[in-house]
Amino acid sequence: MQSSPMDFLRALPGKKSFWRTAALILAAAFYALSLNLVAYQPSLTEQWAAFFIWILAIGLTLASVLDFKQIWQSLSEPWREEPAIIAAVLGLAVLASFVLLRQYPFVALGDQVRDGGLEASRLLTGAFPNIFAYTPYDAAGLVVPTLLIPFYKLFGNSVYTWRFPAALLGCLDVYLLFLLARNYFSKRVAALAAITLIAIPLHLYYSRTEFFVMLSGIQSTLILILIHYCLRLGRYRDYVLLGVSLGFITGCYASVRTVVFFSFIIIAFVLLKQAWQFYGETVSGHQLFTTKFKHTFKALGIPAKKVIFLLLFFLVGFGPRLLSTTPRIFFHTDVVPVFSAQTSGLEQHADVSTLGGKYVKSLLAYISEPVGYHIKDYRPLLAWPLNLLFLAGLIILLTQYRHYWYFLFIFGLPLTNSAITDQINADHRLTPLLPFCALGVALGADLIIKIFHKAYPGNKPVYAMVTAALIACLLWPGVFFFYHRSAAIGYNSTDYLSMDAEYFLQNINAGQVCLTASADNFSYLNLLHVKEQYEYFNPTTAVTLSQIPNLPNNVLDISKTCGNSDPAASFKYCGNPDFWFCPINDSTPLFLRVDKNLVP
């Protein structure tokens, strides 16, 4: 019997396949419509219409392939079976992410302000002519700040606009990793992995500061879950789900695009392996050429259909961003010296020749080499003794669980996200490694518990002591993060003066002010990222800068107009009990001197 063209679409299994097929066709049509709307360079209103049509396409795709009953069961099952563990883990995650969220770190500056609050506010005011373009440094699509618009509406010009959703993502990341480890390893490994992830300083820092970077971290965990799900079931609709998810994720942040890239390699390898096995089982025994050709075509046809579903819905997930994406942006070649147009041939050759040493240094970021960029503490991802547990966990992952494809991520991401880039071991590019760090440490800790179980069978006090000691080790980096104030390192007294001035100006609605600073502070306050800080926190206040060369560096004058300051109030801060508001290792008092006309 001959197959019809509709057989390809009917391949999607499950109940109500007709409606599922119809929804997927409609989703593809909506995607094409949004693409056409953006292609004709529409007005901002029409772009937002295209945006919502695209989101509708993604929603239809997800609604047609997801089994919401099964998802609810997967999410709620841990609450039914081990509610105390889940409550404890999530309680720790909420505590670590939300406590002192506004105060620590006190200074909000640079990427977190621009990529978080400022770009969300600019999208609302129409400052960007193309909402499907990319942020100023081409690292992420402007679609990401649209996710922050509801929080901007809720919190206004506040750090909470991006820190609150980042903290939510941090908690959700912990829960997703718990579910992943619970389903594919064990319940104990799940609890240990979740606790480890909570207390990793890099995870703590970005769950309190940068929504974009935290989003790339949780997307890595989500990709792991989707790959496991796809490989275990292997249905056509699972490839649809994986495709639309990877497509959306690809346009979010550059550091997670490499995770998507390795995901495609894994899927391609699995599909080729399945095709080869099918060929060996059904084709090799046939002698007639026509029969052999028919079965060969069938052996290749099944993986080919899955690839088509994967790629088609990858485009749906990627959306109209396709029209604004060049190879330079997609592969982010500006940060890869060997591919950068600004790099000479001699420099490219030198970069390639030193790649081996850079890769080793990047690989050692797991256990010994310091990482840093936004966080200035410069420590490895896993300090002692977690680094030893991680190494033990890698051995267990290889020998006991045999999830070989994990190692493509573990050993590949340090190459793509660090070694070949212009910044070795930059922390914001290494956040996709965090779920692998947590899983490795958890497997190593689980091994120690098993060893003591075997050495002291039935001895509950020993088991309790060992478990408590391991949990204390896992949580210690988080305690150190708060006690050592790692998130505050790198900010100077001018940053604190400026941030306190931000909050003061928010309370008085002056309309226009002049900040008078020392020569050093004046140069710093003129920098673009500081000006963006004032633009975001005080959008209705026109801020002018002036300088007095002999003014101390620990003083900042605030007046209505420049050269007309009559300080009537001097606000001293940075002293007990304001521990969280002070620069580290700086006992010099800081003063805001405010003109009498501005005193509330």
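Since we're looking at a predicted model, the values are computed, not measured. (Residues numbered from 1 in each chain as written. Predicted model: local features only at pLDDT ≥ 70, side-chain atom pairs only at ≥ 80, totals over all residues. Heavy atoms only, no water.)

**Thoughts on the overall build of the protein**
Condition: Helix numbers and strand numbers start at the N terminus; a helix is a DSSP run of H or I with at least 4 residues, a strand a run of E with at least 2. Any residue under 20% of the maximum accessible area for its type is buried, any over 50% is exposed, and the rest in between are partly exposed; the area is computed with a 1.4 Å probe on protein chains only. Any two residues having at least one pair of non-hydrogen atoms within 4.5 Å are treated as being in contact. All accessible-area figures derive from a Shrake-Rupley calculation using a 1.4 Å probe, and residue coverage is judged against the displayed protein chains alone.
Within the protein, the regular secondary structure consists of 25 helices and five strands. Within the span of the protein, comprising 600 residues, buried residues form 51% of the whole. Within the protein, residue pairs in contact and separated by at least 24 positions form 78% of the contacts whose partners lie at least 6 positions apart. Surface accessibility of the protein: about 27100 Å² in total, with carbon and sulfur atoms responsible for 66%.

**Quick word on the nonpolar core**
The test is simple: We call a set of buried Ala, Val, Leu, Ile, Met, Phe, Trp, Tyr and Cys residues a nonpolar core when their side-chain atoms join them within 4.5 Å.
Counting residues in each nonpolar core, the largest one holds 163 residues, and the members touching the most others are Trp162, Phe185, Phe211, Leu381, Tyr406, Phe409 and Ile558. Counting residues per element, this core draws most heavily on helix α9 (residues 160-184), at 13 residues. Among all residues touching Leu381, those that are not within four sequence positions of it are Ile200, Leu202, Ala365, Tyr366, Val371, Leu433, Leu434 and Cys437.

**What to know about helix α19 (residues 386-401)**
Here is the rule: Read the arc as the range of directions from the helix axis to the C-beta atoms.
Along α19, the residues that are buried comprise Leu386, Asn387, Leu389, Phe390, Gly393, Leu394, Ile396, Leu397 and Tyr401. Taken down its axis, α19 places every buried residue within 170° of arc, on the same side. Structurally, α19 contributes buried residues whose contacts are with α9, α10 (187-199), α20 (406-419), α21 (434-455) and α22 (460-483). Of the residues trailing α19, Arg402 is marked for its positive phi of about 55°.

**A few points about the confidence of the model for the protein**
Keep in mind that low pLDDT regions are not for reading the predicted coordinates in detail. This is how it is decided: Per-residue confidence from the prediction method is given by pLDDT, with values spanning 0 to 100.
When pLDDT is averaged across the protein, the result is 87; 89% of the residues are at 70 or more. Low pLDDT (under 50) marks residues 1-15, which in the prediction has 21 contacts with non-local residues, meaning those over four places away or in another chain.

**Overview of the packing of α9 against helix α12 (residues 211-233)**
For any two helices packed against each other, one specifies the crossing angle of their axes together with the interaxial distance. The criterion, for reference: Angles shown run from 0 to 180 degrees and are taken between the N-to-C directions of axes, each axis being a line fitted to C-alpha atoms and, for helices, limited to the stretch in contact. By the definition adopted for this analysis, an angle is roughly parallel if under 35 degrees, roughly antiparallel if over 145, roughly perpendicular if from 65 to 115, and oblique otherwise. Each crossing is labelled by how the near helix is turned from the far one, with a counterclockwise turn of less than a right angle marking it left-handed and a clockwise turn marking it right-handed.
Between α9 and α12, the shortest axis-to-axis distance is 9 Å and the interhelical angle comes to 25°. With respect to α12, the axis of α9 lies roughly parallel. In this structure, α9 crosses over α12, and the sense of that crossing is left-handed. Contact with α9, carried on its side by Trp162, Pro165, Ala166, Leu169, Gly170, Leu172, Asp173, Leu176, Leu177, Leu180 and Tyr184, involves Phe211, Met214, Leu215, Gly217, Ile218, Thr221, Leu224, Ile225, His228, Tyr229 and Arg232 of α12 and no other residues of that element.

**With respect to the packing of aromatic side chains**
Spelled out, the test is: We call Phe, Tyr and Trp rings a pair once their centres come within 6.5 Å, taking the six-membered ring for Trp, and we label the pair stacked below 30 degrees between planes, edge-to-face above 60, and tilted otherwise. A positively charged side chain is recorded as over a ring if its NZ (Lys) or CZ (Arg) lies within 6 Å of the ring centre. The angle to the ring normal must also be within 35 degrees.
This model, assessed by the stated rule, comprises 40 aromatic pairs. With 5.4 Å between their ring centres and 25° between their planes, Phe409 and Phe436 make a pair best called stacked. Of this pair, Phe409 sits in helix α20 while Phe436 sits in helix α21, and the two are 27 residues apart along the sequence. Of the two residues, Phe409 and Phe436, neither departs from the other in class, the shared state being buried. Here Arg321 stacks its cationic end above the ring of Phe318, 5.2 Å away from the centre of that ring.

**Remarks on helix α6 (residues 111-125)**
The test is simple: Multiply 1.5 Å by the residue count of a helix minus one, and that product is the helix's expected span.
Taking 1.5 Å as the rise per residue, α6 with 15 residues should run 21 Å; its terminal C-alpha atoms sit 20 Å apart, in good agreement. Along α6, twelve of the 15 residues are buried, which leaves the element largely enclosed by surrounding structure. Phi turns positive one or two residues past the end of α6, at Gly126, with a value near 80°.

**Some words on the state of the cysteines**
As a reminder, the rule being used: Two cysteine sulfur atoms make up a disulfide if the distance between them is within 2.5 Å.
Applying the stated criterion across every chain yields a total of one disulfide. Cys514 shares a disulfide with Cys562; S-S distance 2.1 Å. Handedness of the Cys514-Cys562 disulfide follows from its S-S torsion of about 100°: it is right-handed. Of the two residues, Cys514 sits in strand β1 (residues 512-517) while Cys562 sits in the loop between β3 (555-559) and β4 (567-573), which places them 48 residues apart along the sequence. Classification of Cys514 by relative accessible area gives buried; the value is 1%.

**Let's talk about the pattern of salt bridges**
Our working definition: Take a side-chain nitrogen of Lys or Arg and a carboxyl oxygen of Asp or Glu: if they are within 4 Å of each other, that pair is a salt bridge.
Inspection of every chain in the model, using the stated rule, returns 17 salt bridges. Residue Asp334 pairs with Arg328 through a salt bridge whose shortest N-O separation is 2.7 Å. What makes Arg328 partly exposed here is its relative accessible area of 36%. When salt bridges with common partners are traced through the structure, they connect Glu77, Glu81, Glu82, Arg182 and Lys187 into a single cluster.

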